[in-house]
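Chain and residue survey
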Amino acid sequence: MSLSPSTLELFDQYVIPTYGRFGVRLARGSGCYVWDEDGREYLDFGAGIAVTSLGHCHPRVVERMRRQLGELVHTSNLYYTRQQGELAKRLVEIVGAPGKIFFCNSGAEANEALYKLSRKFGNEANGFARTSSGNAAGGVVTGGNSNPDAPLRRGIITMNGSFHGRTLGGIAATGQDKVKKGFEPMVEGFTHIPFNDITSLEDAAEIPGTVAVMLEPVQGEGGIYPVSAEYLRRARALCDRHSLLLLFDEVQCGLGRTGDWNGWDTLAPDVKPDAVSWAKGIAGGFPLGAIWVSSRLVQMRNGEVKPLCDVLGPGSHGTTFGGTPLICAGALEVLSIIEDEHLLENARNQGVYAVNALRALQSAWVREVRGVGLMLGIELVADFATRGGLPAGKAPSIYMVERLHAEGLLTIPSGTHILRWLPPLNVQTADVDKAVRILSSVLASLPSL
Ligand SMILES: Cc1ncc(COP(=O)(O)O)c(C=O)c1O
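Presented here is a report on the structure given in the accompanying data block. (Residues numbered from 1 in each chain as written. Predicted model: local features only at pLDDT ≥ 70, side-chain atom pairs only at ≥ 80, totals over all residues. Heavy atoms only, no water.)

Inspection of the region around the ligand gives 13 residues, with Gly-107, Ala-108, Asp-249, Gln-252 and Lys-280 positioned closest. For the ligand, an oxygen atom lies 2.8 Å from a polar atom in the backbone of Ala-108. The contact in question runs from an oxygen atom of the ligand to an N or O atom on the side chain of Glu-221, over 3.4 Å. Its free accessible area being 390 Å², the ligand has 82% of it covered by the protein chains. Residues belonging to the shell around the ligand are distributed by class as follows: 3 nonpolar, 6 polar and 4 charged. (Near = heavy atom within 4 Å. Polar contact = N/O pair within 3.5 Å; in protein donor to acceptor, adjacent residues only side chain to side chain. Areas by Shrake-Rupley, 256 points an atom, 1.4 Å probe, with all protein chains shown as cover. Nonpolar A, V, L, I, M, F, W, Y, C, P; charged D, E, K, R; others polar.)

Right, here's the structure in full:
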C-alpha cells in the first residue's frame, strides 16, 4: 500500500523524535499476529512491551468495549462509577490482602503515586502503628507511638538496573544513568543500591531519613532479572523493623506475566508489600495504571492512627482520566478472560516450554536464557559484535531485533545484549515453536565462529 505522505514522512515531520523506532509500520492485529501497511505478517512476541496480554483484538474485549462505548465513556473522578469500584475490588482480591486502589494512566504515573505516598508517610506519620501482632497488618492498636518532633523521613531506596518510568520522579528513581542524562537536577531523595544484594539493603535501611524500599520483583527493562525469594523475605523483615514501606513496581511483571497474578507470588508468595504499582498488561492495551495500598495501620504524627491506604486523602492526589468507566470495563474483561481461559497456567507452561526450547538451541551466540513465566530474556555473548562483524556502533540486541523483524518476528531489545520475549499470555505452543525456529535460523545465519 503506498500512502502519501508516507507514515515515516508524517513521523519525520510531525512527531517529536523521543523514540528510536524500528522501520515497521503496523496497521492491524489479531491474536498473536500483527500486519504492516503492506500486509506483511509478524508474530508479535513483544505484545507492545508486555501490554497486550490477550494478544490483539480479543473478541470478548472488543464486544465489552463496544458496549461500554455506547453507554458511558468518561465522567471525571468527581462522581462514582460502578466499573471503577468493581475493578478496585478485583485488584484488591488479586493482591489477597486488605487495601485500596488508586487509578491513573501509566506505569510512571502509578509510581509517582507511590513516591507521593512515601512522602506523605514520611512527612506526616511516625511509621506503622504498634499493634497486638507486632506491627503487622490487622492487629489491634496497643499503644501510641506518635511523636510530632521525630525527624522527617524522605529517602526512597531503589535498585541499580531498575526502570520506573520517564517522569522526573521516575528517572530519579530509575537505577540507570542513561535515562537521567540531560535532565539534571534529579528529584531528591532516591538512593540506588545493587539489585539482589542483601548486605547493601541492610546498610541502606540504616540510612537516617529512609522511608521506603522500592523494587521490581523481576527487573524487566533491565534485562529480565528476578530477585531472590530470600531477598524479598529479608526486605520485608527489614522494612518491618525500620517502619519502611516496601513498594513493588509490578508494572511489567504483574497481573499474569510471571504465571501468577502477582510477580512476587511466583518468587516468594509469603511476602506481602505495603503498596504495588501496575500498568502495561492491566487492561490488555488500553491506557491504565493503578496502585494498591495496604490497609495496615500507621501512626500519624498528630496522634491519629489510620490505614496506610487512607494516608493519601481527599485533595492530595488525582488525575483527570484515571479509572474511566470505559477503561475499567475493558480491564475487568481482560482480568476475567485471564481467569476463564486459565492463562496464568498457560503463561507458566509456555514459559517453561520456551526456555527449554531456547536452551536446546545451544547457540554459541547466546550466553544465557532466563525466564519467569512469559518474561523471557535471551542474553547474547559479550563479544557478539566483534565476532559477528557488526556495523560499528550497532548494539547486538538492536541488530538481532532487526534481523528477526526481517523474518517476521517482533521482539524487544533490552540494553545492548539482551532480547526480551514478552508474548501474550494466551500464546500457544505452535507460536513458541515458530518464534524459536525464526531465532534459530537467524542465529544459524551469523558468521560461523
Ligand atoms: C517496571 C516498570 N515500571 C514503570 C514503567 C513505566 O511505565 P509507563 O511507560 O507506562 O510509564 C515501566 C515501563 O517499561 C516498567 O517496565
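Under the counting rule described, the total for this entry stands at 3 cavities of 30 Å³ or more. There is about 80 Å³ of room inside the largest cavity. Along the wall of the largest cavity there are 14 residues; nearest its centre are Ala-50, Gly-254, Leu-255, Arg-257 and Gly-281. Looking at side-chain class alone, the lining of the largest cavity contains 6 nonpolar, 5 polar and 3 charged residues. Composition of the lining of the largest cavity by domain shows at least three residues from each of domain 1 (26-55 + 342-426 + 436-443) and domain 2 (67-339). Here the second largest cavity defines a volume of roughly 50 Å³. Contributing to the lining of the second largest cavity are 13 residues, with Thr-75, Ser-76, Asn-77, Gly-323 and Thr-324 lying nearest its centre. By residue class, the composition of the lining of the second largest cavity is 3 nonpolar, 10 polar and no charged. (1 Å grid on protein atoms, 1.4 Å probe; cavity = no way out; pocket = protein on both sides within 12 Å on 5 of 7 lines; lining within 4 Å. Points joined across faces, edges and corners; volume = space filled by probe spheres on them. Domains from an automatic or database assignment.)

These results come straight from atomic positions and should not be treated as a statement about function.
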